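# Close look at the chain arrangement
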Amino acid sequence: MDNEKIYTEYNDEKNRIPWLRIILSVVIVVLVIAIIFLLLRACGKTTLRTDIIDAAKKYNEKYQNNLPETIGECNIVTLSALEKEGLIDSKKYSTCDKATTYVNVCHLENSKYNYAANLSCDKETTKYGMWKDGSVADLTEGLSDVRFKFVGQELTQVPDGEQATLVKHYYPSDSTDASKVNSYYISVPKNGYTERESASFGYKWYTETDKKEYWNNGEYSATAPSGFISYEDSKEVVKYSDTKPEEASYRKIEEITLYRYKRVSKVDSFVCVIPGTNAETDASIVSSKHCSLREDNFKEVYKAYYTCDGITKTDTIQTCEDYTAYTEEACSTSRVNGIECESKTSYKYTDTVHKWYKETKERSYYPSKSTSASGEKTYYLTAPVAGAIKDEKTGANVYKFYKPESKNNVNMVEKFIDVTNGYVEIDELLATFNNLGYEVNSLKDVNAIDKIRYDIKMQYRNIEE
């Protein structure tokens, strides 16, 4: 018993500080705090995202015409629209870019709607993964974004059977010799020219002409605006100021007197009395000329009458017309003529100004003469005309398109032929149909026309946390 080591609260061994236990405890506390912070942050993101989606749903309940009408169509609900309706707390979205923060709403194949938030805020930005082909079953509510691609088709007459001998009429010249055709297109360029061949990689081409681009639509400036180093058609511009303007190399300053006047009622007649008498009790005469010029004894003016129009008279001076603008033309006050004049010291400064321009190049795409690539639909493999320049940004897979015509007596049948270059966005689909002569602005319009239709493909992407 004596040899056993007995530990008491006063024992040195027991009173050692357990550093390892303290360190482990601190690490655990830090980890717990970090986990709580990350959870709160994640919850905050979900709330911000789900809030804007809930607000968009309420917006579409109020404005149901904003819902995409046809399967495959999508509309957006902007942050600005939600703020205007008071459907969200603007303070929560104060750091968001209003142009790129919105909710994308798409009409699905099951006739339901998919809502996807796109946030561009300091606190949170939605990051989506890659687009993938899929179906409604692949979507996760609140986490999946959706878009649709389309293949446009047109009902066209084609020979029935392989025994037909065909003549190919190539667009746009209707030439039957493919070697003489150098025009290529991405999709069907015109109704009837539905067949394609000679797959290649082509570009849009343009020519350039020199052009003067005038600053501010031809306005004048005393100094050269940024980027405009040449000028023509100079002139002088005169201005006035009550304070002396700044000195400048193009400016001439003069100190001058400016005048203005107003029309006041002029003298119409005088009440004349005999000097030393009282007009109220003694005799008086109304005279058209000044009393002092009279030949009788009524040579003292008692009072005068004034008029603006020669009809209405008063015994006080009235303003007939307000003051004119200040000019350099001198004037003087005249009660007889009804003019009251004022003058002031001012500064006249004359600036020499010019019409500034810069030399630019204006593009003209061949053959449409459009000034922008978007207005041109023809592609070429080599320069179509002398001096043509290749637009490197327009490279695309292109084809020669032709209209088939049977050379022998073969029955023709109607068949839907693809008119777009594979799957395209809805805007390109509608543009293709419009180029073919169909007036369509929506999928609903397309569905109302029997001779055209489309195949649809849904794509989706999910938020990456």
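Residues numbered from 1 in each chain as written. Predicted model: local features only at pLDDT ≥ 70, side-chain atom pairs only at ≥ 80, totals over all residues. Heavy atoms only, no water.

## With respect to the overall build of the protein chain
- Counting its regular elements, the protein chain contains four helices and 21 strands.
- Seen along its three principal axes, the alpha-carbon backbone of the protein chain occupies a region of about 140 × 125 × 50 Å.
- With the model as given, the accessible surface of the protein chain reaches about 29200 Å², and the carbon-plus-sulfur share is 48%.
- Between the averaged position of the 61 positive side-chain charges in the protein chain and that of its 72 negative side-chain charges there is a distance of 2 Å. (Helix = DSSP H or I, 4+ residues; strand = E, 2+ residues; numbered from the N terminus. Areas by Shrake-Rupley, 256 points an atom, 1.4 Å probe, with all protein chains shown as cover. Lys, Arg positive; Asp, Glu negative; His and termini not counted. Charge placed at Lys NZ, Arg CZ, Asp CG, Glu CD.)

## Structural notes on the packing of aromatic side chains
- All chains considered together, the criterion is met by 11 aromatic pairs.
- Relative to Tyr 63, the ring of Tyr 59 has its centre 4.9 Å away and its plane inclined at 45 degrees; by these criteria the two rings are tilted.
- What makes Tyr 59 buried here is its relative accessible area of 16%.
- Using a relative accessible area of 28% as the deciding quantity, one classes Tyr 63 as partly exposed.
- Between Tyr 366 and Tyr 380, the aromatic rings sit 5.9 Å apart at their centres with planes inclined by 50 degrees, giving tilted as the arrangement. Of this pair, Tyr 366 sits in the loop between β17 (339-365) and β18 (389-390) while Tyr 380 sits in the loop between β17 and β18, placing them 14 residues apart in sequence.
- What makes Tyr 366 partly exposed here is its relative accessible area of 32%.
- Members of the aromatic cluster, joined through ring pairs, are Tyr 171, Tyr 185 and Tyr 193.
- Here Lys 235 stacks its cationic end above the ring of Tyr 220, 4.1 Å away from the centre of that ring.
- Over the aromatic face of Phe 416 sits the side chain of Arg 453, whose NZ or CZ is 3.9 Å from the ring centroid. (Phe/Tyr/Trp six-rings, centres within 6.5 Å; stacked < 30°, edge-to-face > 60°. Buried < 20%, exposed > 50% of the residue type's maximum accessible area, 1.4 Å probe, protein only. Lys NZ or Arg CZ within 6 Å of the ring centre and 35° of its normal.)

## Some details on the sheet that holds strand β1 (residues 74-78)
- The antiparallel open sheet is built from three strands, whose spatial order is β1-β2-β3. The sheet is open, and its two borders are formed by β1 and β3 (113-118), each paired with just one other strand. Across this sheet, the average inter-strand angle for adjacent strands is 20 degrees, counted without regard to direction.
- The pairing of β1 with strand β2 (residues 102-107) spans five bridges and is antiparallel. Paired with Ile 76 across the two strands is Asn 104, which belongs to β2. (Pairing = 2+ DSSP bridges. Axes fitted to C-alpha atoms, helices over the stretch in contact; angles between N-to-C directions.)

## Let's talk about the sheet that holds strand β6 (residues 166-170)
- Pairing is antiparallel across the open sheet formed by three strands, whose spatial order is β6-β19-β7. Of all the strands in the sheet, the pair left with one neighbour each is β6 and β7 (195-202). With strand direction ignored, the average angle separating the axes of adjacent strands in the sheet is 35 degrees.
- As paired elements, β6 and strand β19 (residues 396-406) share five bridges and run antiparallel to each other. Bridging across to β19, Val 167 finds its partner in Glu 405.

## Thoughts on the pairing of strand β14 (residues 300-307)
- Across seven bridges, strand β12 (residues 266-273) lies against β14 in antiparallel orientation. Residue pairing for β14: Val 271 is matched across the bridge by Lys 303.
- Both β14 and strand β15 (residues 313-314) contribute to a ladder of two bridges, which runs antiparallel. Paired with Tyr 306 across the strands is Thr 314, a residue of β15.

## Remarks on the environment of Arg 147
- With respect to the element layout, Arg 147 can be found in strand β5 (residues 144-159).
- Along the sequence, Arg 147 and Tyr 460 sit 313 residues apart, while their C-alpha atoms lie 6.4 Å from each other.
- What Arg 147 contacts, discounting residues up to four positions off in sequence, is Trp 131, Glu 425, Lys 457, Met 458 and Gln 459.
- Of the polar contacts made by the side chain of Arg 147, one reaches the side chain of Gln 459; its length is 2.7 Å. (Contact = heavy atoms within 4.5 Å. Polar contact = N/O pair within 3.5 Å; in protein donor to acceptor, adjacent residues only side chain to side chain.)

## Re helix α3 (residues 426-435)
- What α3 keeps buried is the set Leu 429, Leu 430, Thr 432 and Phe 433. All buried residues of α3 fall inside an arc of 155 degrees around its axis, so they share one side.
- Of the surrounding elements, those touching the buried residues of α3 are β5, α4 (443-447) and β21 (452-462).
- Directly beyond the C-terminal end of α3, a positive phi value near 100 degrees is found at Gly 437. (Arc of directions from axis to C-beta.)

## Thoughts on the layout of surface pockets
- As a volume, the largest pocket reaches approximately 340 Å³.
- In terms of lining residues, the largest pocket is bounded by 16 residues, among which Ile 186, Ser 187, Glu 376, Lys 377 and Asn 435 are the most central.
- Of the residues that constitute the lining of the largest pocket, the class distribution is seven nonpolar, five polar and four charged.
- Computed from the structure, the second largest pocket encloses a volume of approximately 220 Å³.
- Lining the second largest pocket we find 14 residues, and of these Tyr 113, Asn 114, Tyr 115, Glu 141 and Gly 142 sit closest to its centre.
- In the lining of the second largest pocket, the residues fall into six nonpolar, five polar and three charged. (1 Å grid on protein atoms, 1.4 Å probe; cavity = no way out; pocket = protein on both sides within 12 Å on 5 of 7 lines; lining within 4 Å. Points joined across faces, edges and corners; volume = space filled by probe spheres on them. Nonpolar A, V, L, I, M, F, W, Y, C, P; charged D, E, K, R; others polar.)

## Some remarks on the confidence of the model for the protein chain
- For the protein chain, mean pLDDT is 89; residues scoring 70 or higher make up 92% of the total.
- Note on residues 1-11: pLDDT is under 50 here. Beyond four places in sequence and across chains, it has six contacts. (pLDDT = per-residue confidence, 0-100.)

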